[in-house]
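Results of the structural survey
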Amino acid sequence: MDINRRLVLRRALQAVAAGAVTALPAMARPRRSVAADGPSAVVLPPSAPALPVPAAPPIVLRSTWQSEGSVPQVQYDRAVRAVLVHHTDDSNSYAAEQVPDILRAIRRDHLEFRGWDDIGYNFLVDRFGRIWEGRLGGVDRPVVGAHTMGFNRDTVGIAAIGTYDRGTEVPQPVLDAIARLAAWKLGLHGVRADGRSELTSTNSGSRFPVGATHTFNAVSGHRDAFCTLCPGESLYTAIPGIIDRACRLQQEAAAGATGAAGV
């Protein structure tokens, strides 16, 4: 799927909304670094006791949709402290078989238009509820993404494929998938889905000057960290429900662990 002119114009306006943490891909021409983040966010002590981790949701691996091209140098954080929810500002009427083409188009845009070395989002969720691995590095590891200027560190960026502005209903499979993914990724690092995490801004282009700390909900929207309409009004107002669902999944995992320990 080629990126049409309307999509390019939209993403031109969004380009500053995601500060990239880039590394030069091996054996490839250098790419410019766009609003690179600096030191890692403040890392809070892990929750005590550690949370039982919900089962990992099914994830379509990167090799399914992108097996060619340069391999970026992956950067890792020490932990995932928050999930930041996005939408991709694409059409909502795509068919299931078109999703790999959409992912390749987004990645191509991030490489060729924004000059990054990989797709910015850590994960993407299609309207059918399928979760796709985005940025390389391992789905169970704290991979540094390029999705939210100033707050790419110690966060994971999950993007719903589509546009979810006011008046556009978010499909329930999308909400369920984001909740499952958030519960699992946060649980791996002892973070409650209904908790709060303190992060430090690494870029004054965000809502907060560089060096300033802010306490975010463990599941927040892109607009909480940057002046943008993303993830769209409908998806943003659905975040409390996502938190509730993710929290229930973590509680069910905890109850299951307690029951197993008592056997």
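Reading the values: rules and limits
- Residues numbered from 1 in each chain as written.
- Predicted model: local features only at pLDDT ≥ 70, side-chain atom pairs only at ≥ 80, totals over all residues.
- Heavy atoms only, no water.
- Helix = DSSP H or I, 4+ residues; strand = E, 2+ residues; numbered from the N terminus.
- Buried < 20%, exposed > 50% of the residue type's maximum accessible area, 1.4 Å probe, protein only.
- Contact = heavy atoms within 4.5 Å.
- Areas by Shrake-Rupley, 256 points an atom, 1.4 Å probe, with all protein chains shown as cover.
- Expected span 1.5 Å × (residues − 1).
- Phe/Tyr/Trp six-rings, centres within 6.5 Å; stacked < 30°, edge-to-face > 60°.
- Lys NZ or Arg CZ within 6 Å of the ring centre and 35° of its normal.
- Pairing = 2+ DSSP bridges.
- Salt bridge = Lys/Arg side-chain N within 4 Å of Asp/Glu carboxyl O.
- Polar contact = N/O pair within 3.5 Å; in protein donor to acceptor, adjacent residues only side chain to side chain.

**Some words on the overall build of the protein**
Along the backbone of the protein there are six helices and eight strands. Reading the protein from its N end, one meets helices and strands in the order α-β-α-β-α-β-β-β-α-β-β-β-α-α. Among the 263 residues that make up the protein, the fraction classed as buried is 52%. Considering only contacts in the protein between residues 6 or more positions apart, those separated by 24 or more positions represent 75%. Approximately 11400 Å² of the protein is accessible, and the part contributed by carbon and sulfur atoms is 55%.

**Things to note about unusual backbone geometry**
Following cysteine 230, the chain continues to proline 231 via a peptide bond in cis, the omega torsion being 15°. For proline 231, the location among the structural elements is in the loop between strand 8 (219-221) and helix 5 (233-237).

**Describing helix 4 (residues 172-187)**
For helix 4, which comprises 16 residues, the first-to-last C-alpha distance of 22 Å matches the rise-based estimate of 22 Å (1.5 Å per residue) to within 8%. Burial analysis of helix 4 places 12 of its 16 residues in the buried class, the great majority of the element. Regarding helix 4, the residues found buried are Val174, Leu175, Ala177, Ile178, Ala179, Leu181, Ala182, Ala183, Trp184, Lys185, Leu186 and Gly187.

**A few points about helix 3 (residues 99-113)**
A rise of 1.5 Å per residue sets the reference length of helix 3, with its 15 residues, at 21 Å; its end C-alpha atoms lie 20 Å apart and thus fit the reference within 8%. Within helix 3 the residues assigned to the buried category are Val99, Pro100, Ile102, Leu103, Ala105, Ile106, Arg107, Asp109, His110 and Leu111. After helix 3 finishes, the residue glycine 115 shows a positive phi value of roughly 80°.

**Remarks on the environment of alanine 193**
You can see alanine 193 is positioned in the loop between helix 4 and strand 6 (196-200). Counting along the chain gives 54 residues from alanine 193 to cysteine 247, while the straight-line C-alpha distance between them is 5.2 Å. Sequence-distant contacts of alanine 193, that is, excluding residues within four places in its chain, are made with Leu186, Ala218, Val219, Ile243, Ala246, Cys247 and Gln250.

**Let's talk about the packing of aromatic side chains**
Within this structure, the stated rule accounts for four aromatic pairs. Centre to centre, the rings of tyrosine 94 and phenylalanine 128 are 6.1 Å apart; their planes meet at 80°, and the pair counts as edge-to-face. Separated by 34 residues along the polypeptide, tyrosine 94 in the loop between strand 2 (82-87) and helix 3 and phenylalanine 128 in the loop between strand 3 (123-125) and strand 4 (131-133) bring together distant segments of the chain. A ring pair is formed by phenylalanine 208 and phenylalanine 216, whose centres lie 6.0 Å apart and whose planes are at 85°; its orientation type is edge-to-face. You can call phenylalanine 216 buried: its relative accessible area is 3%. An aromatic cluster of at least three residues, connected via ring pairs, comprises Phe151, Phe208 and Phe216. If you follow arginine 127 out to its NZ or CZ, it ends over the ring of tyrosine 94, 5.5 Å from the centre. Between the NZ or CZ atom of arginine 223 and the centre of the ring of tyrosine 236, over which it lies, the distance is 4.5 Å.

**Here we look at the sheet that holds strand 4**
The strands that make up a sheet pair up through hydrogen bonds in the backbone, lying either parallel or antiparallel. The six strands lie next to each other as 1-4-3-5-2-8, forming an open sheet whose pairing is mixed. Each having just a single partner strand, strand 1 (59-60) and strand 8 make up the two edges of the open sheet. Here strand 3 runs beside strand 4; their pairing, made up of three bridges, is antiparallel. Bridge assignment links valine 125 to a residue of strand 4, and that residue is isoleucine 131.

**So, the pattern of salt bridges**
Inspection of every chain in the model, using the stated rule, returns 10 salt bridges. One salt bridge in this structure joins arginine 114 and aspartate 109, with 3.9 Å as the shortest N-O distance. Side by side, arginine 114 and aspartate 109 carry an identical accessibility label, which is buried. Residues aspartate 126 and arginine 130 are paired through a salt bridge, measuring 2.6 Å at the closest nitrogen-oxygen approach.

**Things to note about the side chain of asparagine 122**
Secondary-structure assignment places asparagine 122 in the loop between helix 3 and strand 3. Assessed through its relative accessible area of 5%, asparagine 122 is described here as buried. Reaching out from asparagine 122, the side chain makes a polar contact with the backbone oxygen of valine 143 at a distance of 3.1 Å. Filtering out sequence-adjacent residues up to four positions away, asparagine 122 remains in contact with Trp132, Glu133, Gly134, Arg135, Val143, Val144, Gly145, His147, Thr155, Val156 and Gly157.

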